[in-house]
Amino acid sequence: VQLVESGGGLVQPGGSLRLSCAASGFTFSTYGMSWHRQAPGKERELVASISSNGGTTNYADSVKGRFTISRDNVKSTAYLQMNSLKPEDTAVYYCKATFWVTYWGKGTLVTVSS
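Since we're looking at a predicted model, the values are computed, not measured. (Residues numbered from 1 in each chain as written. Predicted model: local features only at pLDDT ≥ 70, side-chain atom pairs only at ≥ 80, totals over all residues. Heavy atoms only, no water.)

Draft legend 1. A look at the pairing of strand S11 (residues 108-112). Every second residue of S11 is oriented toward a common face, the buried set being Thr108, Val110 and Val112 and the non-buried set Leu109 and Thr111. In this structure, strand S2 (residues 9-11) lies alongside S11, joined through three bridges in parallel fashion. Note on S11: the bridge partner recorded for Leu10 is Thr111. Relative to S11, strand S9 (residues 91-98) runs antiparallel, the two sharing three bridges. For Ala91, the partnering residue across the bridge sits in S11 and is Val110. (Buried < 20%, exposed > 50% of the residue type's maximum accessible area, 1.4 Å probe, protein only. Helix = DSSP H or I, 4+ residues; strand = E, 2+ residues; numbered from the N terminus. Pairing = 2+ DSSP bridges.)

Draft legend 2. How the structure looks around the packing of aromatic side chains. What the rule picks out here adds up to six aromatic pairs. Taken together, a centroid distance of 5.1 Å and an interplanar angle of 40° make the contact between Phe26 and Tyr103 tilted. Of this pair, Phe26 sits in the loop between strand S3 (17-24) and strand S4 (32-38) while Tyr103 sits in strand S10 (residues 102-104), and the two are 77 residues apart along the sequence. Residues Tyr31 and Phe99 carry aromatic rings whose centres are separated by 5.4 Å and whose planes lie at 65° to one another, so their mutual orientation is edge-to-face. One end of the pair, Tyr31, is in the loop between S3 and S4; the other, Phe99, is in the loop between S9 and S10, with 68 residues separating them in the sequence. One aromatic cluster is present, formed by Phe26, Phe28, Tyr31, Phe99 and Tyr103 through successive ring pairs. For the cation-ring pair, Arg44 lies above Trp104, with the distance from its terminal atom to the ring centre recorded as 4.7 Å. (Phe/Tyr/Trp six-rings, centres within 6.5 Å; stacked < 30°, edge-to-face > 60°. Lys NZ or Arg CZ within 6 Å of the ring centre and 35° of its normal.)

Draft legend 3. A look at the state of the cysteines. According to the stated counting rule, one finds one disulfide in the structure shown. Disulfide pairing places Cys21 opposite Cys95 at an S-S distance of 2.0 Å. Disulfide Cys21-Cys95: the torsion about the S-S bond is 55°, which places it as right-handed. Of this pair, Cys21 sits in strand S3 while Cys95 sits in strand S9; the two residues are 74 residues apart in sequence, bridging distant segments of the chain. By the burial criterion, Cys21 is buried, and Cys95 matches it. (Disulfide = S-S within 2.5 Å.)

Draft legend 4. Looking closely at the environment of Val112. Tracing the chain through its elements places Val112 in strand S11. Taking relative accessible area as the criterion, Val112 reaches 4% and is therefore assigned buried. Put simply, Val112 and Pro13 are 99 residues apart on the chain and 5.8 Å apart in space, counted from C-alpha to C-alpha.

Remember that the coordinates give geometry; whether it matters functionally is a separate question.
Here it is, written out as structure tokens:
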């Protein structure tokens, strides 16, 4: 089983990034997917989640209207489109797959700075 995040990097405030989470080794289409982040010195927090068929999404208040979670069950990949990025969005971003078990990726670093 693998979840591999990509797409992180350094971006200026107001910029955009698209994170990807490529899954393998399990039946992706049966798992709910979510993105979490952990900033230095802070606890890991839920950013956004999406149901197995993509029909239901939820967002943390801090990212509503700026971030969009999506998934492609054919490609076994989840995405997080992040727009209007702020310095406080700086964190390591992790994807998680949840069904009767939970899998985590190793994370990708997003740094928002001028």
